[in-house]
Amino acid sequence: FFTFGLSIPVFAAIGSGCGLATGAVVGGATGLVGGGATGFGVYTKRDAIGNSVTKTLSKVDGAAKLVKETASNSADYVRNRLVGGTGGTTD
């Protein structure tokens, strides 16, 4: 009953459906195994990760305070130079 004109597209559709299902199963299994392994690794090292995050946040906070202080000192310096150089008042 089938001719090449009809059988090729029909079986191409069947083959692509099988490929889609196989790809979904393999991709899902890979994601499950990879996600499980990653989750287990993070869970077992959670204390070390937490300590590292705390140290990093402390360093970032210190750097931010240093930048604010430096900017404030620079602004004060420029303000004093401009006011002192023009003979204006210091209000």
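Residues numbered from 1 in each chain as written. Predicted model: local features only at pLDDT ≥ 70, side-chain atom pairs only at ≥ 80, totals over all residues. Heavy atoms only, no water.

**A short note on the overall build of the protein chain**
- Of the regular secondary structure elements, the protein chain holds 2 helices and 0 strands.
- By the burial criterion, 1% of the 91 residues in the protein chain qualify as buried.
- Total accessible area on the protein chain stands at roughly 7,800 Å², and carbon and sulfur atoms take up 69% of it. (Helix = DSSP H or I, 4+ residues; strand = E, 2+ residues; numbered from the N terminus. Buried < 20%, exposed > 50% of the residue type's maximum accessible area, 1.4 Å probe, protein only. Areas by Shrake-Rupley, 256 points an atom, 1.4 Å probe, with all protein chains shown as cover.)

**As for the packing of aromatic side chains**
- A full pass over the atoms with the stated rule returns 0 aromatic pairs.
- Note that Arg46 overlies the ring of Tyr43, its terminal NZ or CZ placed 4.1 Å from the centroid. (Phe/Tyr/Trp six-rings, centres within 6.5 Å; stacked < 30°, edge-to-face > 60°. Lys NZ or Arg CZ within 6 Å of the ring centre and 35° of its normal.)

**Observations concerning a nonpolar patch on the surface**
- A contiguous nonpolar patch, built from Leu6, Val10, Phe11 and Ile14 and spanning about 360 Å² of accessible area, is present on the exposed surface.
- Residue placement: Phe11 occurs in helix α1 (residues 4–44). (Patch = residues over 30% accessible without salt bridge, like charges linked within 9 Å, V, L, I, M, F, W, Y side chains within 5 Å. Salt bridge = Lys/Arg side-chain N within 4 Å of Asp/Glu carboxyl O.)

**Quick word on the pattern of salt bridges**
- Going through the model one piece at a time under the given rule, you end up with 2 salt bridges.
- The closest approach of N and O atoms between Asp61 and Lys65, which form a salt bridge, is 3.5 Å. With Asp61 and Lys65 both in helix α2 (residues 46–86), this residue pair falls 4 residues apart, about one helical turn.
- A salt bridge links Arg79 to Asp76, with the shortest nitrogen-to-oxygen separation between them at 2.9 Å. Pair noted here: Arg79 and Asp76 are both in helix α2, with a separation of 3 residues, about one helical turn.
- Classification of Arg79 as partly exposed rests on a relative accessible area of 46%.

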